[in-house]
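Per-entry structural report
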Amino acid sequence: MYDPFDKNNTNKAEPIILGIESSCDETAAAVIRGRKILSDEIASSADIQSLYGGVVPEIASRAHTDAIAKVVEKAVQNAGVTYADIDAVAVTYGAGLLGALLVGVSFAKAFAYALNKPLIAVNHIRGHLAAAYLHEQTLQPPFVTLLASGGHTAVLYTKTESEFEILGATLDDAVGEAFDKVARVLGLKYPGGPNIERCAKEGAPSVPMPKMLKGGGGYNFSYSGLKTAVINYCHTKEQKGENYSKADVACSFQCAAIDVLVEKTVTAAKEKKVDTVTAGGGVVANGYLREALQKACNENGLRLVLPEKRLCTDNAAMIASEGLVQYKLGNFAKMDLNAKASIPLSATLKTVQNQK
Ligand code: KG4
Ligand code: ZN
């Protein structure tokens, strides 16, 4: 078995990490050996949340409490390992809904304590970034990464598995947030992103969108103007009693929101002279984004490592993957680990070496 305190690294067996995720409405657990996924379980309360038009924190916490023990047990069983085989327990400690996070953190602490295993605190967004390592097990930085989630939008230079440079980020709303808000205006149900994508398939990019998204701001983004333009368009039409095509609005918004991400990611990769691009975060599950990014990478001679859709939306395998990065650094958490509702991107990307 891999010994975390084997300083000379004489023991070469690959560590087995249990990942636990409960930051929003998904209760997830996964087991990986090295970068190989052995199991990946998810119980979602999205169907209940959909009745309320968004995530109700109390409902999410209760659903996590009901599901967590069963989900973890299933993940360990389906991985074909025993509790004793697990080398460390990695858990999302932030950012997210505090009550929801606390369920995962408390469970992971108890689990690690009872089994005498090291505990690893994982930042949710670092998990999204580490999903790419599961998709391509030999992947090594440097590369340029597009982060497009519900809370963050950024283009990063990934120097090593734990060192990042923020090349640009959103100045206001995150792209996922814009998808969710526009979905609400169009009367589409929660979760907004996938429903906008579905609706956009029936439409054409015929509604004019603000030009500001196209150029300026280096690698920075701004989604608040785009969101407001869509809201104004719909409200004006409604006030005048004119019909408009929701599908055309969804399609036009989706193109405007995503084309800029693709354009800036590829430009950054060329400027940084890397040959590889990766992407992570819930919005990367969007089919239009996946096709557009692949096409742009092909045209520019860049290799795209694109995690499959289920590894882009919230899951525990990505938490275990980042857990592995921290495990190799010897970054173990203490039993007083607490959940954190918000963590700035700059702190998210900062690695504190050897906390143990
Ligand atoms: O990365 P994520 O789990 O959120 C954070 O960790 O912040 O992703 C959630 C976001 C939501 O805003 C959701 O609407 C969006 O990802 N999303 C999508 C799609 N699937 C999820 N956006 C566009 N198209 C999709 N298919
Ligand atoms: Zn997420």
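Details of the structure are given in the entry above.
Since the structure is predicted, the reported quantities are computational estimates derived from the model, not experimental observations.

Looking only at helices and strands, the protein chain features 12 helices and 10 strands. Here the protein chain has a C-alpha radius of gyration of 21 Å; the compact-globule value for 356 residues is 21 Å, and the two agree. Referenced to the eigenvectors of the C-alpha coordinate spread, the extents of the protein chain come out at roughly 70 × 45 × 30 Å. In the protein chain, which comprises 356 residues, the share counted as buried stands at 55%. In the protein chain, the proportion of contacts linking residues at least 24 apart, taken out of those at least 6 apart, comes to 74%. Total accessible area computed for the protein chain in this model is approximately 15,500 Å², and 52% of it derives from carbon and sulfur atoms.

Before going further, it helps to examine the side chain of S149. Along the polypeptide, S149 turns up in the loop between β6 (143-148) and β7 (153-160). Residue class for S149 comes out buried when judged on its relative accessible area of 4%. Ignoring sequence-local partners within four residues, the contact set of S149 consists of I125, A174, V175, G176, E177, G281, G282 and V283.

Attention shifts here to the coordination of the zinc ion (ligand 2). The zinc ion (ligand 2) binds to the protein through H124 (NE2), H128 (NE2) and D314 (OD), with metal-donor distances spanning 2.0 to 2.1 Å. Donor residues binding the zinc ion (ligand 2) come from one chain and are separated in sequence as H-x3-H-x185-D. Of this pair, H124 sits in helix α4 (residues 124-135) while D314 sits in the loop between α10 (309-312) and α11 (317-329), and the two are 190 residues apart along the sequence. Just as H124 is buried, D314 falls in that class too.

Right, let's talk about the nonpolar core for a bit. Grouped together as the largest cluster of nonpolar side chains are 54 residues, with contacts concentrated most on Y223, F253 and L261. Looking at this core, the elements that each hand over two or more residues are β6, β7, α5 (175-185), α6 (192-200), α7 (224-239), α8 (246-271), β9 (276-280) and α9 (287-299). In terms of residue count, the dominant contributor to this core is α8 (15 residues). Core analysis: the second largest hydrophobic core is formed by 29 residues, A29, V72, Y93 and L101 among them.

When two helices pack together, their arrangement is captured by the angle between the axes and the distance separating the axes. Where α7 contacts α8, the two axes come as close as 11 Å, and the packing angle between them is 165°. If you check the angle between α7 and α8, you find them roughly antiparallel. As for how α7 packs across α8, the hand of that crossing is right-handed. Contacts between α7 and α8 involve L226, V230, Y233 and C234 on the former and, on the latter, V249, F253, A256 and A257. Looking at the contact of α7 with α8, its residues break down into eight nonpolar, no polar and no charged.

Attention shifts here to the layout of surface pockets. Considering only enclosed or pocket space, the largest pocket measures out at about 1,200 Å³ in volume. Lining the largest pocket are 39 residues, with C24, G150, D180, Y190 and D314 positioned closest to its centre. Among the secondary structure elements, those contributing two or more residues to the lining of the largest pocket are β3 (36-44), α4, α5 and α6. Tallying contributions element by element places α5 first for the lining of the largest pocket, with five residues. A per-class count over the lining of the largest pocket returns 15 nonpolar, 16 polar and eight charged. Taken domain by domain, the lining of the largest pocket gets at least three of its residues from each of domain 1 (7-130 + 314-355) and domain 2 (141-311).

One water molecule sets the probe size; rolling that probe over the atoms shows where empty space is left. Counting across every chain of the model gives one cavity of 30 Å³ or more. Within this model, the largest cavity holds a volume of roughly 40 Å³. What lines the largest cavity is simply R126, L129, A130, Y133, F143, T145, T158, E161, F164 and E322. Mapped by element, the contributors of at least two residues to the lining of the largest cavity are α4 and β6.

Conventions and cut-offs
Within each chain, residue numbers correspond to sequence positions counted from 1 in written order. Whichever chain is written first is A, and whichever ligand is written first is 1; the rest continue in order. Since the coordinates come from a predicted model, pLDDT governs what is reported: local features require at least 70, and pairs of side-chain atoms require 80 or more to be given and counted, while whole-chain, interface and lining totals use all residues. Hydrogens and waters are ignored; side-chain quantities use all the structure's heavy atoms. By the criteria applied, helices consist of DSSP H or I runs no shorter than four residues and strands consist of E runs no shorter than two, each listed in order from the N terminus. Note that the radius of gyration is over C-alpha atoms, with the globule rule given as 2.2 Å times the number of residues to the power 0.38. Relative accessibility decides the category of a residue: with a 1.4 Å probe and only protein chains considered, values under 20% of the type maximum give buried, values over 50% give exposed, and everything between is partly exposed. Contacts were defined at the residue level, with two residues in contact if any of their heavy atoms lie within 4.5 Å. Here the Shrake-Rupley method, with its probe set to 1.4 Å, supplies the accessible areas, and only the displayed protein chains count as covering residues. Any nitrogen, oxygen or sulfur atom within 2.8 Å of a metal ion counts as a donor, with the limit raised to 3.2 Å for Na, K and Ca, and since water is left out, coordination shells can look unfinished. Residues belong to one nonpolar core when they are buried, are Ala, Val, Leu, Ile, Met, Phe, Trp, Tyr or Cys, and are joined through side-chain atoms within 4.5 Å. For helices, the fitted line uses only the C-alpha atoms of the stretch in contact; every axis is such a line through C-alpha atoms, and the angle between N-to-C directions lies from 0 to 180 degrees. Our angle categories are set so that under 35 degrees counts as roughly parallel, over 145 as roughly antiparallel, 65 to 115 as roughly perpendicular, and the remainder as oblique. Helix crossings fall into two classes, left-handed where the near helix is turned counterclockwise from the far one by less than a right angle and right-handed where it is turned clockwise. Put simply, Ala, Val, Leu, Ile, Met, Phe, Trp, Tyr, Cys and Pro go in the nonpolar bin, Asp, Glu, Lys and Arg in the charged bin, and everything else, Gly too, in the polar bin. For cavity detection a 1 Å grid was placed over the protein atoms alone, and a set of points counts as a cavity when a 1.4 Å probe fits there but cannot get out; an open set counts as a pocket when protein lies on both sides within 12 Å along at least five of seven lines, with lining residues being those that have an atom within 4 Å of a point. Grid points are joined across faces, edges and corners, and a volume is the space filled by probe spheres set on the points. Domains are outlined according to an automatic or database domain assignment.

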